[in-house]
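# Structural characterization, general
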Amino acid sequence: MRKLQQGFTLIELMIVVAIIGILAAIAIPSYQTYTKKAKFTEVVNATAPYKTAIEVCFQDKTDMSSCGTFSTNGIPSAPTAAGYLAGITLTPATGVITATAQGAAGTDTFILTPTATTAGGVQWSKSAGTCVASGIC
């Protein structure tokens, strides 16, 4: 009686290794982009109190030039660098918010520009921050 061959041939193992290598080459860059986006979310979320404060200030003052300075007219004070947030700056005359990332989130910037609406509110738009070009925000 003959014993049947068991196991895989060398070519079969090489094909499996090649398939795993191709999948890894595709998956790793995508995974890195997803993790950078997740970390950059902290930077985007850090702008929320400033957006709200500028909107309330604009409702009270009806003039955006009064709403672009830290610690005045209800605008919170400047945040300290923590986690993935390097800092937030406000443009005094226009109320533009610029948040900058640090660490594993990169050094991208997130820029929000307020525009007064006809209904008396504020509409926000993402401007030419580097996060827009890199696709993480």
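One can find the structure itself at the top, above this paragraph.
Residues numbered from 1 in each chain as written. Predicted model: local features only at pLDDT ≥ 70, side-chain atom pairs only at ≥ 80, totals over all residues. Heavy atoms only, no water.

## Some thoughts on the state of the cysteines
Simply put, disulfide is the name for a covalent bond between the sulfur atoms of two cysteines. Rules: Note that a disulfide, as used here, is simply two cysteine sulfur atoms within 2.5 Å. What counts as a helix is a DSSP run of H or I of at least four residues, what counts as a strand is a run of E of at least two, and both are numbered from the N terminus. Here's how the labels work: a residue is buried when its accessible area is under 20% of the maximum for its type, exposed when over 50%, partly exposed in between, all with a 1.4 Å probe on protein chains only.
The tally for this structure, following the rule as stated, stands at two disulfides. The partner cysteine of C57 in its disulfide is C67, sulfur to sulfur 2.1 Å. One quick way to see it: the torsion about the S-S bond of C57 and C67 is about -85°, and its sign makes the bridge left-handed. One end of the pair, C57, is in helix α2 (residues 48–61); the other, C67, is in the loop between α2 and β1 (85–90), and ten residues separate them in sequence. Assigned by exposure class, C57 and C67 land together as buried. Here C131 pairs with C137 through a disulfide, and the sulfurs are 2.0 Å apart. Residues C131 and C137 are joined by a disulfide whose S-S torsion is about 70°; by sign, that bridge is right-handed. Exposure remark for C137: the relative accessible area of 29% places this residue in the partly exposed category. By sequence-ordered numbering of the bonded cysteines, the protein chain has its disulfides arranged as 1-2, 3-4.

## Some details on the sheet that holds strand β2 (residues 97–101)
Our working definition: By definition, two strands form a pair when at least two bridges between them are found by DSSP. Between the N-to-C directions of two axes lies an angle of 0 to 180 degrees, each axis being a line fitted to C-alpha atoms and, for a helix, fitted only over the stretch in contact. Note on definitions: a residue-residue contact is assigned when non-hydrogen atoms from the two residues lie within 4.5 Å.
Spatially, the four strands line up as an open sheet ordered β1-β2-β3-β4, and their pairing is antiparallel. Here the strands that pair on one side only, and so sit at the sheet edges, are β1 and β4 (122–126). Each neighbouring strand pair of the sheet contributes to a mean axis angle of 20°, computed without reference to strand direction. Relative to strand β3 (residues 109–116), β2 runs antiparallel, the two sharing four bridges. Within β3, the residue paired with T98 across the bridge is I111. Contacts from α2 reach β1, β2, β3 and β4, with the element oriented near 145° to β4.

## Some remarks on the pattern of salt bridges
Between side chains of opposite charge, pairing is possible as soon as their charged atoms come close. As a reminder, the rule being used: Put simply, a salt bridge is a Lys or Arg side-chain nitrogen that is within 4 Å of an Asp or Glu carboxyl oxygen.
Applying the stated criterion across every chain, the model contains one salt bridge. A salt bridge links K36 to D108, with the shortest nitrogen-to-oxygen separation between them at 3.6 Å. Taken together, the residues span a long stretch of sequence, with K36 in helix α1 (residues 10–46) and D108 in the loop between β2 and β3 at a distance of 72 residues. Judged by relative accessible area, which is 28%, K36 ranks as partly exposed.

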